[in-house]
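Structure at a glance
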Amino acid sequence: MNTPKVGILMGSSSDEPLMRAAADVLEKFDIPYEMKVLSAHRTPFEACRYAEQAEERGIEVIIAGAGFAAHLGGVLAAHTVLPILGVPLPSSSLQGLDSLLSTVQMPGGIPVATMTIGKAGAKNAGLFAIQILSRKDPKLVKALKKYRQDMRDAILATEL
Ligand code: RP5
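Residues numbered from 1 in each chain as written. Predicted model: local features only at pLDDT ≥ 70, side-chain atom pairs only at ≥ 80, totals over all residues. Heavy atoms only, no water.

**Focus on the site of the ligand**
Around the ligand, the surrounding shell consists of Gly-11, Ser-12, Ser-14, Asp-15, Arg-42, Ala-66, Gly-67, Phe-68 and Ser-91. Ser-12 is positioned such that a nitrogen or oxygen atom in its side chain is 2.6 Å from an oxygen atom of the ligand. In the complex, 73% of the free accessible area of the ligand, which totals 360 Å², lies under the protein chains. The site holding the ligand turns out to be the largest pocket. A breakdown of the residues in the shell around the ligand according to their chemical character gives two nonpolar, five polar and two charged. (Near = heavy atom within 4 Å. Polar contact = N/O pair within 3.5 Å; in protein donor to acceptor, adjacent residues only side chain to side chain. Areas by Shrake-Rupley, 256 points an atom, 1.4 Å probe, with all protein chains shown as cover. 1 Å grid on protein atoms, 1.4 Å probe; cavity = no way out; pocket = protein on both sides within 12 Å on 5 of 7 lines; lining within 4 Å. Sits in = over half its atoms within 2 Å of the grid points. Nonpolar A, V, L, I, M, F, W, Y, C, P; charged D, E, K, R; others polar.)

**So, the layout of surface pockets**
Reported here for the largest pocket is a volume of approximately 260 Å³. For the largest pocket, the lining is made up of 16 residues, of which Gly-11, Ser-12, Arg-42, Gly-67 and Phe-68 are closest to its centre. Of the residues in the lining of the largest pocket, the class split is six nonpolar, eight polar and two charged. What the second largest pocket holds in volume is close to 150 Å³. Ala-77, Thr-80, Val-81, Leu-82, Pro-83, Ile-84, Leu-85, Gly-109, Ile-110, Pro-111, Val-112 and Ala-113 are the residues that line the second largest pocket. (Points joined across faces, edges and corners; volume = space filled by probe spheres on them.)

**Looking at unusual backbone geometry**
The phi torsion at Asp-30 lies on the positive side, around 55°, for a residue other than glycine. Along the chain, the position of Asp-30 falls in the loop between α1 (16-28) and β2 (33-37). For Gln-95, which is not a glycine, the phi torsion comes out positive at approximately 55°. Within the secondary structure layout, Gln-95 lies in the loop between β4 (84-88) and α4 (97-104). (Helix = DSSP H or I, 4+ residues; strand = E, 2+ residues; numbered from the N terminus.)

**With respect to helix α2 (residues 44-54)**
The α-helix advances 3.6 residues per turn, and as a result positions three or four apart in sequence lie on the same side. Among the residues of α2, Ala-47, Cys-48, Tyr-50, Ala-51 and Ala-54 are the ones counted as buried. Across the axial projection of α2, the buried residues extend over an arc of 155°, all falling on one side. Residues of α2 that are buried sit in contact with β1 (6-10), β2, β3 (61-66) and α3 (72-77). (Buried < 20%, exposed > 50% of the residue type's maximum accessible area, 1.4 Å probe, protein only. Arc of directions from axis to C-beta. Contact = heavy atoms within 4.5 Å.)

**Describing the packing of aromatic side chains**
Scanning the model with the defined rule gives one aromatic pair in all. Judged by centre distance (5.6 Å) and plane angle (55°), the rings of Phe-29 and Tyr-147 are tilted. Of this pair, Phe-29 sits in the loop between α1 and β2 while Tyr-147 sits in helix α6 (residues 138-156), and the two are 118 residues apart along the sequence. Overall, Phe-29 belongs to the buried group, its relative accessible area being 9%. (Phe/Tyr/Trp six-rings, centres within 6.5 Å; stacked < 30°, edge-to-face > 60°.)

So this is what it looks like as structure tokens:
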């Protein structure tokens, strides 16, 4: 496989079914990625090291999905200037409102671009990563426009 351009991280392997939506989108656009479980709380040193080394490894965007007190995106953002896309996951009895607030409420200076809660957020994080990469790649711009057109066509062709 080519050098990964996008890192998809998640706080637990239990997040994988939802975070798979980000990987699916990246695969559709032929973007090399890697997927790892790293936690802000359970593997804090490894999460920091990943963020610190990501840029020199060729990673251009990091997607971080986590549930409960979801600090993964923020911790990664504190250790790199790469763009971090946070995906709040509905793992707890608060169904993602906790993760949304934990991810989105970053203090000024250390941004995390926060997506929708859950699977749609993971999908959008994948698309947003491609939009970032597309600024240097006209083929991706074209592919993104075709993706939108296909979506539009499918909706307009729907018969109820
Ligand atoms: C968070 O705790 C993870 O991102 C996951 O969403 C949640 C539950 O993790 P497990 O207890 O299932 O490993 O850190």
